[in-house]
Amino acid sequence: MRIADAKRLVVKIGSALLVDRASGTLREAWLNGLIEDVAAARRRGTQVILVSSGSIALGRAGLGLPRGELALEQAQASAAVGQIELARAYQSALAPHGIRAAQILVTLEDSEDRRRYLNTRATLETLVGLGVVPIVNENDTIATDEIRFGDNDRLAAQIAVTIGADQLVLLSDVDGFYTANPQQDPAARRFDVIERITPEIEAMAGDAGSGLSKGGMKTKLMAAKTATRGGCAMVITEGSLTRPLRALDEGAPCTWFTAEEDPQVARKRWIASMKPHGALVVDAGAARALQDGKSLLPAGVAGVRGDFGRGEPVEIVGPAGRLGQGLCRYTSGEAAIIAGHRSDEIAGLLGYPGRAVLIHRDDMVT
C-alpha cells in the first residue's frame, strides 16, 4: 500500500513534530519539508487535508506560560493566540507552491450534530475542489471536556470519514504499532499490516505519549477503528524526518491498518441504516436523474411529507414508489417553500442564499 495511490489523503501532525519542545517555537525547516511532500502529492492529483496540533503549544510560549498542565482558561487563551500563528505558518509554507490554505476549527459536537456534520463536509468538499489545503484543528478556544475529541488522532479519523478519504497518515513519534512498548521491551515486534483490530491487538496498546502530544497508542487504535470502518486505510509512521511522506512512500517503517471497504460504500451503508424522518416526493424527471446518479434539485420535488430538520434522513419517493433515502440539506419547512423551483430562485424564496441541491448524490442511497 502506498500513499502515492491515494485520491484523497488526510495527514495528522502532532505538536511534538511541529513545535520545538525546549523553545516552544515552530520547527520551520520540518514544516517546509512536509509541505514539499504535500505539494508533490497535489501534483499527482491527490487532494490533501491536514489535521494539525500545535496551537496551544505555540500560544503558551508566546504568552510566557510555564510548561506542564494548564488550567482550562489558560489553555483556551493559548489556543486563541496560537491558532493565528499556526494558520500563518501553514499559509507561509504553502504559498511558494502556489497553494492556498484554509483554517477549519471543529469540536466533537460538530461531528455528532447532523446539520453541523453536513456543513463541515460541504465546506471541506468545496475547499479541496477549489485546490485549497484545509488545516483542521480542534477549536480549543471554546471546547470543554464534554465537547472535546481530546486528541487529534481521533479528530483526524473523524475528518477522514467525513470527507470520504481513502487514506489517513498519523505522523507520530513511533514508527508503527508494536506488540509492546519498544522503549520498555527490546523484544517488541512491529506489525507491518493489521487487517483486523482484535481484542489481542487492543491489549498490546500502551498509553505512552511524548511531552507535547496527548495521543498514546490506545487513541491511535481508536482512530484506526473509526477510519477503517469508514472505508479509510490508516498508517502510523515516524514523522520527524525532513520529508516524512516521501520517506513513507520509499519504504520507511510503518504499520498499515487496512480499510474494511470502500469509503463511499461505507458511507452509503451508514445512510441506509438511518430511520427516515420524512419524505420528499419527486416527479418522473427527477426520478430518472436520480437513477442516473444525479443530485436531487428543488425543481424536481413535487411534495414534502413529515417534519424534519436540516441534515436529517428522509425518504425519496417517485411516481413508481420508493427510490431511496438521503440526508436533506434543508428543513421540511424550507424544502416546502423551494419545492418545484429552480436553484437560482432559492435566495429570493428563503430570503438568504442556500445550497443548490436538496440532497447531494454523496448523501443519498438509491
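On a predicted model such as this, the values are computed, not experimentally measured, just so you know. (Residues numbered from 1 in each chain as written. Predicted model: local features only at pLDDT ≥ 70, side-chain atom pairs only at ≥ 80, totals over all residues. Heavy atoms only, no water.)

**Student:** Outline the overall build of the protein, supporting the account with residue identities and numerical values.
**Tutor:** Within the protein one finds 14 helices and 13 strands. On C-alpha atoms alone, the protein measures out to a radius of gyration of 22 Å, which is about the 21 Å that the 2.2 N^0.38 rule sets for 366 residues. Seen along its three principal axes, the alpha-carbon backbone of the protein occupies a region of about 65 × 45 × 40 Å. Counting across all 366 residues of the protein, residues that qualify as buried make up 51%. Surface summary for the protein: the accessible area is close to 16500 Å², and the carbon and sulfur share equals 49%. With 42 positive and 44 negative side-chain charges, the protein shows a spacing of 4 Å between the two charge centroids. (Helix = DSSP H or I, 4+ residues; strand = E, 2+ residues; numbered from the N terminus. Rg over C-alpha atoms; globule rule 2.2 N^0.38 Å. Buried < 20%, exposed > 50% of the residue type's maximum accessible area, 1.4 Å probe, protein only. Areas by Shrake-Rupley, 256 points an atom, 1.4 Å probe, with all protein chains shown as cover. Lys, Arg positive; Asp, Glu negative; His and termini not counted. Charge placed at Lys NZ, Arg CZ, Asp CG, Glu CD.)

**Student:** How would you summarise empty space enclosed by the protein if you had to cite specific residues and measurements?
**Tutor:** Applying the stated criterion across every chain, the model contains 2 cavities of 30 Å³ or more. Of the voids in this model, the second largest cavity is the one considered here, and its volume is about 70 Å³. Taken together, 11 residues make up the lining of the second largest cavity; nearest its centre are D110, S111, T120, Q158 and I159. The dominant element in the lining of the second largest cavity, judged by the number of residues it contributes, is helix α7 (residues 152-163), at 4 residues. Among the residues making up the lining of the second largest cavity, the classes are represented as 5 nonpolar, 5 polar and 1 charged. (1 Å grid on protein atoms, 1.4 Å probe; cavity = no way out; pocket = protein on both sides within 12 Å on 5 of 7 lines; lining within 4 Å. Points joined across faces, edges and corners; volume = space filled by probe spheres on them. Nonpolar A, V, L, I, M, F, W, Y, C, P; charged D, E, K, R; others polar.)

**Student:** Help me get a handle on the sheet that holds strand β2 (residues 47-52), residues and values and all.
**Tutor:** Judged by pairing direction, the sheet is mixed, and its 8 strands sit side by side in the order β3-β4-β2-β1-β5-β7-β8-β6 without closing on themselves. For this open sheet the edge positions go to β3 (101-106) and β6 (193-194), each flanked by a neighbour on one side alone. Pairing of β2 with strand β4 (residues 133-138), which is carried by 2 bridges, proceeds in the parallel orientation. Paired with L50 across the two strands is I135, which belongs to β4. Along the sheet face, helix α2 (residues 28-43) touches β1 (8-13), β2, β4 and β5 (167-172) and points at about 155° away from the line of β2. (Pairing = 2+ DSSP bridges. Contact = heavy atoms within 4.5 Å. Axes fitted to C-alpha atoms, helices over the stretch in contact; angles between N-to-C directions.)

**Student:** Got a sec to walk through the nonpolar core? Specific residues and values, please.
**Tutor:** In this structure, V10, V136, L168, F177, M234 and F257 are the most contacted members of the largest nonpolar core, which totals 36 residues. A per-element tally of this core places α7 first, with 6 residues. Among residues more than four places away in sequence, those in contact with V10 are I49, V51, A156, A160, I163, A165, Q167, L168 and V169. Among the nonpolar cores identified, the runner-up in size contains 35 residues, and V11, L18, A41 and L248 belong to it. (Core = buried A, V, L, I, M, F, W, Y, C linked by side-chain atoms within 4.5 Å.)

**Student:** Describe the sheet that holds strand β12 (residues 321-327), listing the residues and the values that go with them.
**Tutor:** The strands that make up a sheet are held in pairs by hydrogen bonds between backbone atoms, and each pair lies either parallel or antiparallel. In space, the 5 strands of this open sheet follow the order β10-β9-β11-β12-β13, with mixed pairing throughout. In this open sheet, the two edge strands, each paired with only one partner strand, are β10 (301-306) and β13 (364-365). Summarising the sheet, strand β9 (residues 278-282) and strand β11 (residues 313-318) pair through 3 bridges and their orientation is parallel. In the strand pairing of β11, L280 is matched with I316.

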